[in-house]
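Okay, here's what each chain looks like letter by letter:
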Amino acid sequence: MNDFARRLRDAARARLPEGAFLRRDRGDALYVTDAPLHGGTVDWAAAGFVCREEGGLTRLTPSAVWLARLAALYPEPPDPLSRSLRRFSGPPDDTVLKLFARAVKRLDGGECDPRYSRDLRQRAAVCLREHNPGGGLYACALANYLIEKERES
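Residues numbered from 1 in each chain as written. Predicted model: local features only at pLDDT ≥ 70, side-chain atom pairs only at ≥ 80, totals over all residues. Heavy atoms only, no water.

**Some remarks on the environment of Leu-57**
Okay, so step 1: Following the sequence through the fold, Leu-57 ends up in strand β4 (residues 57-62).
Okay, so step 2: Sequence separation between Leu-57 and Gly-136 is 79 residues, and the spatial gap between their C-alpha atoms is 27 Å.
Okay, so step 3: Once residues lying within four places of it in the same chain are set aside, the contact partners of Leu-57 are Phe-21, Val-32, Thr-33, Asp-34, Pro-36 and Arg-52. (Helix = DSSP H or I, 4+ residues; strand = E, 2+ residues; numbered from the N terminus. Contact = heavy atoms within 4.5 Å.)

Here it is, written out as structure tokens:
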């Protein structure tokens, strides 16, 4: 497990009520937990997560806070893809947050997502065409870099 992914997992675990589980989500979010079934209200936003509750489960997606933290670790782009996406800025939209969650799942020990790099490039192309600021794409490219680096070692 990558150190950055470990920090994300630790931040989520620290908020869990006694007896609640935390697992990688099979959908668009990063994690899923049954925290609502164990009482109390959890302030997921304070831990840097966007949450969606349904059916006694909470799905957690990293918020812009985590994308900014990863970007801060790399003030200079470490590879050509991140260098090309460095210029995108602003708040990330929901699509970019979900894209980032896909990368973190892999860094957290999940299965390889062979479409990730292609989907990231396609999202950047859409942002350019639609004059969308593409906030968060640099962090997604950095996550892609970390995945590639992990693959090489």
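**Here's the deal with the packing of helix α4 (residues 94-107) against helix α6 (residues 137-152)**
Okay, so step 1: Where α4 contacts α6, the axes come no closer than 9 Å and their chain directions differ by 20 degrees. Taken together, the axes of α4 and α6 are roughly parallel relative to one another. Here the hand of the crossing between α4 and α6 comes out left-handed. Contact with α4, carried on its side by Val-96, Leu-99, Phe-100, Ala-103, Arg-106 and Leu-107, involves Leu-137, Ala-139, Cys-140, Ala-143, Leu-146, Ile-147 and Glu-150 of α6 and no other residues of that element.
Okay, so step 2: Broken down by class, the residue content of the contact of α4 with α6 amounts to 11 nonpolar, no polar and 2 charged. (Axes fitted to C-alpha atoms, helices over the stretch in contact; angles between N-to-C directions. Parallel < 35°, antiparallel > 145°, perpendicular 65-115°, else oblique. Left-handed = near helix turned anticlockwise from the far one by under 90°. Nonpolar A, V, L, I, M, F, W, Y, C, P; charged D, E, K, R; others polar.)

**Observations regarding the layout of surface pockets**
Okay, so step 1: What the largest pocket holds in volume is close to 330 Å³.
Okay, so step 2: Looking at the lining of the largest pocket element by element, the count peaks at 3 residues for α4.
Okay, so step 3: Taken together, the residues of the lining of the largest pocket break down into 2 nonpolar, 1 polar and 9 charged. (1 Å grid on protein atoms, 1.4 Å probe; cavity = no way out; pocket = protein on both sides within 12 Å on 5 of 7 lines; lining within 4 Å. Points joined across faces, edges and corners; volume = space filled by probe spheres on them.)

**Here's the deal with the sheet that holds strand β1 (residues 22-24)**
Okay, so step 1: Spatially, the 4 strands line up as an open sheet ordered β1-β2-β4-β3, and their pairing is antiparallel. Every interior strand has two partners, whereas the edge strands, β1 and β3 (49-54), have only one. Strand-to-strand twist of the sheet, defined as the mean angle between neighbouring strand axes without regard to direction, takes the value 25 degrees.
Okay, so step 2: Across 6 bridges, β3 lies against β4 in antiparallel orientation. Bridging from a neighbouring strand, Glu-54 pairs with Leu-57 of β4.
Okay, so step 3: Its contacts with the sheet place α4 against β1, β3 and β4, and it is angled at close to 95 degrees to β4. (Pairing = 2+ DSSP bridges.)

**Quick notes on the pattern of salt bridges**
Okay, so step 1: Summed over all chains, the structure comprises 13 salt bridges.
Okay, so step 2: The salt bridge partner of Arg-9 is Asp-108, with a shortest N-O separation of 2.5 Å. Pair noted here: Arg-9 is in helix α1 (residues 3-13) and Asp-108 is in the loop between α4 and α5 (116-129), with a separation of 99 residues, a long-range link. You'll find Arg-9 and Asp-108 in the same group, each marked buried.
Okay, so step 3: When the shortest N-O distance is used, the salt bridge between Arg-151 and Glu-148 registers 3.0 Å. (Salt bridge = Lys/Arg side-chain N within 4 Å of Asp/Glu carboxyl O. Buried < 20%, exposed > 50% of the residue type's maximum accessible area, 1.4 Å probe, protein only.)

**Points about the nonpolar core**
Okay, so step 1: In this structure, Phe-49, Phe-100, Leu-120 and Leu-137 are the most contacted members of the largest nonpolar core, which totals 46 residues.
Okay, so step 2: Residue assignment for this core shows that the elements contributing at least two residues are α1, α2 (64-73), α3 (80-85), α4, α5 and α6.
Okay, so step 3: When residues in this core are grouped by element, the largest group, 10 residues, is from α6.
Okay, so step 4: Residues within four places of Leu-120 in sequence aside, it is in contact with Leu-81, Leu-85, Leu-99, Leu-137, Cys-140, Ala-141 and Asn-144. (Core = buried A, V, L, I, M, F, W, Y, C linked by side-chain atoms within 4.5 Å.)

**What about the packing of aromatic side chains?**
Okay, so step 1: Taken as a whole and assessed by the stated rule, the structure comprises 6 aromatic pairs.
Okay, so step 2: Taking 6.4 Å as the distance between ring centres and 90 degrees as the angle between the ring planes, the aromatic pair formed by Trp-44 and Phe-49 counts as edge-to-face. For the pair formed by Trp-44 and Phe-49, the shared burial category is buried.
Okay, so step 3: Here the aromatic rings of Phe-49 and Trp-66 are separated by 6.3 Å at their centres, their planes lie at 45 degrees, and the arrangement is tilted. Here Phe-49, found in strand β3, pairs with Trp-66, found in helix α2; they are 17 residues apart in sequence, far enough to count as distant.
Okay, so step 4: In textbook terms, an aromatic cluster arises when at least three aromatic residues are bridged by ring pairs, as seen for Phe-4, Tyr-31, Trp-44, Phe-49, Trp-66 and Phe-100.
Okay, so step 5: Above the ring of Phe-21, the side-chain terminus of Arg-23 is found at 4.0 Å from the ring centroid.
Okay, so step 6: Its guanidinium or amino end placed over the ring of Trp-66, Arg-69 lies 4.3 Å from that ring's centre, counting from NZ or CZ. (Phe/Tyr/Trp six-rings, centres within 6.5 Å; stacked < 30°, edge-to-face > 60°. Lys NZ or Arg CZ within 6 Å of the ring centre and 35° of its normal.)

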